[in-house]
Amino acid sequence: GTEFIDSYVFNKAEYIRFNSTVGRYVGYTELGLKNAEAWNKGPQLGQEQGELERVCKRNADLDYRAILDKT
């Protein structure tokens, strides 16, 4: 399957990430953990899942059709 990851970086260090396999935000620093907890309860999670639907799944279908056309 396809995995969608959206990383947020501050001072060259990843502090929070949305991972489509997990379906929520995961924090990697103290700030990231606090933000992940808040973002998983707020509108950000729905927005991220909307991006997943809008961008990834549509393009995955197109890529899959292109593969089928070539075989």
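Residues numbered from 1 in each chain as written. Predicted model: local features only at pLDDT ≥ 70, side-chain atom pairs only at ≥ 80, totals over all residues. Heavy atoms only, no water.

*Asks:* Describe the overall build of the chain, listing the residues and the values that go with them.
*Replies:* When you go through the chain residue by residue, the secondary structure sums to two helices and three strands. Starting at the N terminus and walking to the C terminus, you meet the elements of the chain as β-β-β-α-α. In the chain, which comprises 71 residues, the share counted as buried stands at 23%. Counting only contacts in the chain whose residues sit at least 6 apart along the sequence, the fraction spanning at least 24 positions is 19%. Per element, the accessible surface of the chain, about 5300 Å² overall, is 53% carbon and sulfur. (Helix = DSSP H or I, 4+ residues; strand = E, 2+ residues; numbered from the N terminus. Buried < 20%, exposed > 50% of the residue type's maximum accessible area, 1.4 Å probe, protein only. Contact = heavy atoms within 4.5 Å. Areas by Shrake-Rupley, 256 points an atom, 1.4 Å probe, with all protein chains shown as cover.)

*Asks:* Summarise the sheet that holds strand β2 (residues 13–19); cite the residues concerned and give the values.
*Replies:* Pairing within the open sheet is antiparallel, and its three strands lie in the order β1-β2-β3. Edge positions in the sheet fall to β1 (5–10) and β3 (24–27), since each has one partner strand and no second. Geometrically, the sheet is characterised by an average inter-axis angle of 20° between neighbouring strands, direction not taken into account. Both β2 and β3 contribute to a ladder of four bridges, which runs antiparallel. The residue bridging Asn-19 from the neighbouring strand is Arg-24, located in β3. (Pairing = 2+ DSSP bridges. Axes fitted to C-alpha atoms, helices over the stretch in contact; angles between N-to-C directions.)

*Asks:* Please provide a residue-by-residue account of the packing of aromatic side chains, values included.
*Replies:* Overall, the coordinates contain five aromatic pairs when judged by the stated rule. For the pair Tyr-25 and Trp-39, a centre-to-centre distance of 5.1 Å together with 80° between the ring planes defines the contact as edge-to-face. Taken as a pair, Tyr-25 in strand β3 and Trp-39 in helix α1 (residues 30–41) lie far apart in primary sequence, 14 residues in all. There is no split in this pair, since Tyr-25 and Trp-39 are both buried. (Phe/Tyr/Trp six-rings, centres within 6.5 Å; stacked < 30°, edge-to-face > 60°.)

*Asks:* Please set out the environment of Arg-17 residue by residue, giving values where relevant.
*Replies:* Among the secondary structure elements, Arg-17 is positioned in strand β2. Residues Arg-17 and Gly-27, spaced 10 residues apart in sequence, show a C-alpha to C-alpha distance of 6.5 Å. If we ignore the near neighbours within four places in the chain, the residues touching Arg-17 are Ile-5, Asp-6, Ser-7, Arg-24, Tyr-25, Val-26 and Tyr-28. A polar side-chain atom of Arg-17 sits 2.8 Å from a polar atom in the side chain of Glu-14. (Polar contact = N/O pair within 3.5 Å; in protein donor to acceptor, adjacent residues only side chain to side chain.)

*Asks:* Lay out α1 in plain terms, naming residues and giving numbers.
*Replies:* Note that an α-helix has 3.6 residues per turn; residues three or four places apart therefore point the same way. Taking 1.5 Å per residue as the helical rise, α1 with its 12 residues ought to reach 16 Å, and the 17 Å between its terminal C-alpha atoms agrees with that figure. The complete set of buried residues in α1 reads Gly-32, Asn-35, Ala-36 and Trp-39. The buried residues of α1 all sit within an arc of 105° when viewed along its axis, so they share a single face. Pointing more than 90 degrees away from the buried face of α1 are the exposed residues Glu-30, Leu-33, Lys-34, Glu-37 and Lys-41. (Expected span 1.5 Å × (residues − 1). Arc of directions from axis to C-beta.)

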